Amino acid sequence: MPVRRLVLDVDKTVNEPDLIRLASVIEAASGVKAVNIAVTEIDIETVGTNVTVEGDDIDVEALTRAIEKTGAVVHSIDEVVSGAYILENKPRSR
């Protein structure tokens with residue numbers, strides 16, 4: 001089943017890699033067509049980011065290895081969309 005979207009919680013140091021380099025490395029991973037990186041928090045030594053990746057058949061292991069080679073760390077996979085097409089999350093109403 002092809003993975004089409006991932007939302008990752010990724011931390012990096014303040015200095016390395018910069019966001020442009022991180023985006024470039026992610027985009028080069030197998031199956032990735034687009035990437036969005038948003039900074040979620042900054043402290044003295046680290047920057048927390050929310051990384052959204054879309055593609056036709058993302059190689060999750062290759063993507064994770066590529067991110068970690070830059071010195072960044074994948075803390076969690078917060079969303080996965082897989083299958084024949086991208087299905088948007090519909091929050092439950094109560």
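Quick look at the structure, then.

Moving on to the overall build of the chain. Scanning the chain from terminus to terminus reveals 2 helices and 4 strands. Ordered by position from the N terminus, the helices and strands of the chain form the series β-α-β-β-α-β. The C-alpha radius of gyration of the chain comes to 14 Å, within 12% of the 12 Å expected for a compact globule of 94 residues. Along the first, second and third principal axes, the C-alpha atoms of the chain reach 40 × 35 × 15 Å. Looking at the chain residue by residue over its 94 residues, the buried ones come to 32%. Contacts in the chain between residues far apart in sequence, at least 24 positions, make up 70% of those at least 6 positions apart. Carbon and sulfur atoms form 50% of the exposed surface of the chain, whose accessible area is close to 6,200 Å². Within the chain, the 17 negative side-chain charges are centred at a point lying 7 Å from the centre of the 10 positive side-chain charges.

So, about the environment of P2. As for its placement among the helices and strands, P2 is situated in the segment before β1 (3–13). Overall, the relative accessible area of 26% leaves P2 in the partly exposed class. Along the sequence, P2 and G83 sit 81 residues apart, while their C-alpha atoms lie 5.6 Å from each other.

For the pair helix α1 (residues 19–28) and helix α2 (residues 60–69), the least separation of the axes is 9 Å and the interaxial angle reads 155 degrees. The orientation of α1 relative to α2 falls into the category roughly antiparallel. As for the relative orientation of α1 and α2, their crossing is right-handed in sense. Together, L22, V25 and I26 of α1 and L63, A66 and I67 of α2 make up the contact between the two elements. Within the contact of α1 with α2, the residues separate by chemical class into 6 nonpolar, no polar and no charged.

Right, let's talk about the pairing of strand β2 (residues 32–42) for a bit. Where β2 lies against strand β3 (residues 46–55), 9 bridges are found, and the strand directions are antiparallel. Bridge pairing in β3 places I37 opposite V51. Where β2 folds back on β3, the antiparallel hairpin that results is connected by 3 residues.

Each value, and the rule that gives it
Residues numbered from 1 in each chain as written. Predicted model: local features only at pLDDT ≥ 70, side-chain atom pairs only at ≥ 80, totals over all residues. Heavy atoms only, no water. Helix = DSSP H or I, 4+ residues; strand = E, 2+ residues; numbered from the N terminus. Rg over C-alpha atoms; globule rule 2.2 N^0.38 Å. Buried < 20%, exposed > 50% of the residue type's maximum accessible area, 1.4 Å probe, protein only. Contact = heavy atoms within 4.5 Å. Areas by Shrake-Rupley, 256 points an atom, 1.4 Å probe, with all protein chains shown as cover. Lys, Arg positive; Asp, Glu negative; His and termini not counted. Charge placed at Lys NZ, Arg CZ, Asp CG, Glu CD. Axes fitted to C-alpha atoms, helices over the stretch in contact; angles between N-to-C directions. Parallel < 35°, antiparallel > 145°, perpendicular 65-115°, else oblique. Left-handed = near helix turned anticlockwise from the far one by under 90°. Nonpolar A, V, L, I, M, F, W, Y, C, P; charged D, E, K, R; others polar. Pairing = 2+ DSSP bridges.

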